[in-house]
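# Architecture at a glance
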Amino acid sequence: MNRTRRKLLLSVAGTGIASAFPFVARAQAWPAKPIRVVVSFPAGGLTDILARAYCEALSQKLGQTVVVENKPGASGAIGAADVAKAAPDGYTFLFTISTTMNQNRVLYRKLPYDADKDFVYVSGFDAGHLPLAVASGVKVNNMTEFVDLARRERVTMGNYSAGSYPHMLAAQVNKLYGTKIEPVHYKGEAPMWADLASGQITAAIGSIPAMSPHLQSGRIRAIAVPTTVRSTRLPDVPTFVEQGFKDQVFVIQGWIGMFAPAGISKDIVSRVSAIHQESADLPRIKQINTTFGLRDRPWTAEEFEKLNNEVKPVWISMARELGITLD
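Residues numbered from 1 in each chain as written. Predicted model: local features only at pLDDT ≥ 70, side-chain atom pairs only at ≥ 80, totals over all residues. Heavy atoms only, no water.

Looking only at helices and strands, the protein chain has 12 helices and 10 strands in total. In terms of its C-alpha atoms, the protein chain occupies a principal-axis envelope of roughly 90 × 40 × 30 Å. A burial count over the protein chain gives 52% of its 327 residues as buried. Partitioning the intrachain contacts of the protein chain with sequence separation of at least 6 by distance along the chain shows that 76% fall at a separation of at least 24. Only carbon and sulfur atoms are counted for the fraction: they give 52% of the accessible area of the protein chain, which is about 14,900 Å². The positive charge centre, built from 36 side chains, and the negative charge centre, built from 28, are 7 Å apart in the protein chain. (Helix = DSSP H or I, 4+ residues; strand = E, 2+ residues; numbered from the N terminus. Buried < 20%, exposed > 50% of the residue type's maximum accessible area, 1.4 Å probe, protein only. Contact = heavy atoms within 4.5 Å. Areas by Shrake-Rupley, 256 points an atom, 1.4 Å probe, with all protein chains shown as cover. Lys, Arg positive; Asp, Glu negative; His and termini not counted. Charge placed at Lys NZ, Arg CZ, Asp CG, Glu CD.)

Packing of helix α7 (residues 165-177) against helix α12 (residues 301-322) leaves a shortest axis separation of 10 Å and a crossing angle of 60°. Judged on the interaxial angle alone, α12 and α7 are oblique. The two elements α7 and α12 cross, and the hand of that crossing is left-handed. Residues Tyr 165, His 167, Met 168, Ala 171, Gln 172 and Lys 175 of α7 touch α12, and the partners they reach there are Trp 315, Met 318, Ala 319, Glu 321 and Leu 322. Taken together, the residues of the contact of α7 with α12 sort by class into 7 nonpolar, 2 polar and 2 charged. (Axes fitted to C-alpha atoms, helices over the stretch in contact; angles between N-to-C directions. Parallel < 35°, antiparallel > 145°, perpendicular 65-115°, else oblique. Left-handed = near helix turned anticlockwise from the far one by under 90°. Nonpolar A, V, L, I, M, F, W, Y, C, P; charged D, E, K, R; others polar.)

Sheet architecture is open: 5 strands sit in the order β2-β1-β3-β10-β4, paired in mixed fashion. Strands at the two margins of the open sheet, each flanked by one partner only, are β2 (66-70) and β4 (119-126). Going from strand to strand, the sheet's axes swing by 25° on average, the running direction of each strand aside. The strands touched by helix α3 (residues 46-62) are β1 (35-39), β2, β3 (92-97), β4 and β10 (255-261); relative to β2, the strand with the most contacts, the crossing angle is about 165°. (Pairing = 2+ DSSP bridges.)

Turning our eyes to something else, we now look at the side chain of His 214. With respect to the element layout, His 214 can be found in helix α9 (residues 208-217). Once you skip the residues sitting within four places of it in the chain, His 214 turns out to touch Trp 193, Ala 194, Ala 197, Arg 219 and Ile 220.

Glancing now at the side chain of Ser 279. Tracing the backbone shows Ser 279 in helix α10 (residues 266-279). What Ser 279 contacts, discounting residues up to four positions off in sequence, is Tyr 54, Ala 57 and Ile 285.

Quick look at the sheet that holds strand β9 (residues 220-224) now. Read across the open sheet, the 5 strands follow the order β7-β6-β8-β5-β9; overall the sheet is mixed. The sheet is open, and its two edges are formed by β7 (181-185) and β9, each paired on a single side. Across the sheet, the axes of successive neighbouring strands diverge by a mean angle of 30°, strand direction being ignored. Strand direction decides the pairing type here: strand β5 (residues 132-135) and β9, joined by 4 bridges, are antiparallel. Paired with Leu 132 across the strands is Ala 224, a residue of β9. Against the sheet, helix α6 (residues 143-152) engages β5, β6 (155-159), β7, β8 (203-205) and β9, with an angle of about 120° to β6.

On average, residues of the protein chain score 89 in pLDDT, and 91% of them are at 70 or above. A low-confidence stretch, residues 1-27 stays under pLDDT 50, and its non-local contacts, those more than four residues away or across chains, total 11 contacts. (pLDDT = per-residue confidence, 0-100.)

This paragraph deals with the pattern of salt bridges. Under the counting rule described, the total for this entry stands at 14 salt bridges. Put simply, Arg 52 and Asp 48 hold a salt bridge, and the shortest N to O gap is 2.9 Å. Linking Arg 52 with Asp 48, this pair stays in helix α3, spanning 4 residues, or about one helical turn. Note on Asp 48: relative accessible area 5%, which makes it buried. (Salt bridge = Lys/Arg side-chain N within 4 Å of Asp/Glu carboxyl O.)

Counted at 1.5 Å a residue, the expected span for α12 with its 22 residues is 32 Å, and the 30 Å between its end C-alpha atoms agrees. When the local axis directions of α12 are compared, the greatest deviation, roughly 40°, occurs at Val 311, which is followed within four positions by the proline Pro 313. Three or more residues of α12 are buried, namely Ala 301, Phe 304, Asn 308, Val 311, Lys 312, Val 314, Trp 315, Ile 316, Met 318, Ala 319 and Leu 322. Turning to α12, the residues buried within the fold contact α5 (98-107), β4, α7, β10 and α10. A positive backbone phi angle near 70° is found at Gly 323, which sits one or two residues after α12. (Expected span 1.5 Å × (residues − 1). Bend = angle between axes of the 7 residues up to and from the residue.)

Contact geometry of α5 with α12 gives a least axis separation of 8 Å together with a crossing angle of 40°. Put simply, α5 runs oblique to α12. Note on packing geometry: the crossing formed by α5 with α12 is right-handed. Here Ser 98, Asn 102, Gln 103, Arg 105, Val 106 and Leu 107 of α5 lie close against α12, whose contacting residues are Asn 308, Lys 312, Trp 315, Ile 316, Ala 319, Arg 320 and Leu 322. The residue inventory of the contact of α5 with α12, partitioned by class, reads 6 nonpolar, 4 polar and 3 charged.

Before going further, it helps to examine the packing of aromatic side chains. Under the criterion given, the structure shown has 13 aromatic pairs. Ring plane angle 75° and centroid distance 5.9 Å describe the contact between Tyr 113 and Phe 119, whose orientation is recorded as edge-to-face. Judged by relative accessible area, Phe 119 falls into the buried class, the value being 6%. On the basis of an interplanar angle of 55° and a centroid distance of 5.4 Å, the ring pair of Phe 259 and Phe 304 is categorised as tilted. One end of the pair, Phe 259, is in strand β10; the other, Phe 304, is in helix α12, with 45 residues separating them in the sequence. Residues Phe 259 and Phe 304 agree in their burial class; the two are buried. Through a chain of ring-to-ring contacts, the aromatic side chains of Tyr 113, Phe 119, Tyr 121, Trp 255, Phe 259 and Phe 304 assemble into a single cluster. Lying over the aromatic face of Tyr 91, Lys 33 brings its terminal NZ or CZ to 4.8 Å of the ring centre. (Phe/Tyr/Trp six-rings, centres within 6.5 Å; stacked < 30°, edge-to-face > 60°. Lys NZ or Arg CZ within 6 Å of the ring centre and 35° of its normal.)

In C-alpha cells:
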C-alpha cells in the first residue's frame, strides 16, 4: 500500500465514515466470533433448558455459534464470577437465577462479584411454579397436615441449591409455625427427586417437569403450589394461599435471567433482548413454556430490571432472616 492510499484510509476512518470501506466495517461488526453463555447451574434443569433453547435461536438469528457452558456451584456464584470478570464486548453472557443475584449477597460473607455493579440485565424468564411434594409413604395430603407432622417430628425437605427458594420456604415455615423441617441441599433437581421417590427425604420443592416421572409413578405426591394461581400442569393441587398460608414466602416468585458484564454496548443488549422476544414464538420454545407452565414471552431488559428491583428487597430480607452463611 503506498503512502497516499494509507493516508486516505486513515483520514476516512478518522472522519467516522469507515463504512465506505466494507472490509473495515466488517472488522468492527458484532458478532464476529462465537459467543459464550455461562449457565451457573447443572445441565438438565429449567435454567439450562431455557438457556439452550434461547441460545440456539440466538445462534440462528445471528448466524454465529453460541456455546453454552455449565459452571455450577456456590448457588450460582462460580458462574457469575466468571462472567463478571469477562470483557463487556458481547461475547460472554450469564444465565442464572434470582438466588445468585439477590440472596447470595446475604448468604455469602464475601462474593467474587457485585450483583448491582458488575452486570446489566438482558432478558428475564419465568421460573414457573415450584410445587411442594411429599414421598408416597408420608401420610399428609395438604399443607396443614404437613405442618402438623413437622411440629410433631423431624422432617427433611430437599432443595436444589442452598439459599434457594425451597431453602427459604423451609426456614420461614419453621419460624412461623414452630416446625422442625431440616433442609437438605442438592446440586440440581435430579438427585433430589430420586431421593424423595425412594423415601430418603420427606419432602422437596422443584419444577414440575423434573418431578413429573415420579408423580406419574405414584412415588411422590404434590400437596401445594406457590403464587396466587394454580398451575395449569397441576390444576387439582391448591395453592398455599388457598390453604390459608399467605406469608410472602408462599407467593413470591423467582426468575431465570440472562445478564451481561457491565459496560456492554446498549445496542447489543437491545438486539439480544429483541431476538429473545421473537424467539418466544418458535415451536420448541412454545413447547417448553407449555411443558413447564411458563408465561408466553420473556421480559425485556427494562421490564426485567424493574421486576427484580421490586422483589429484590423481599428476597434479601428473607435471606437475612435465615441467619446463616454458606462460606
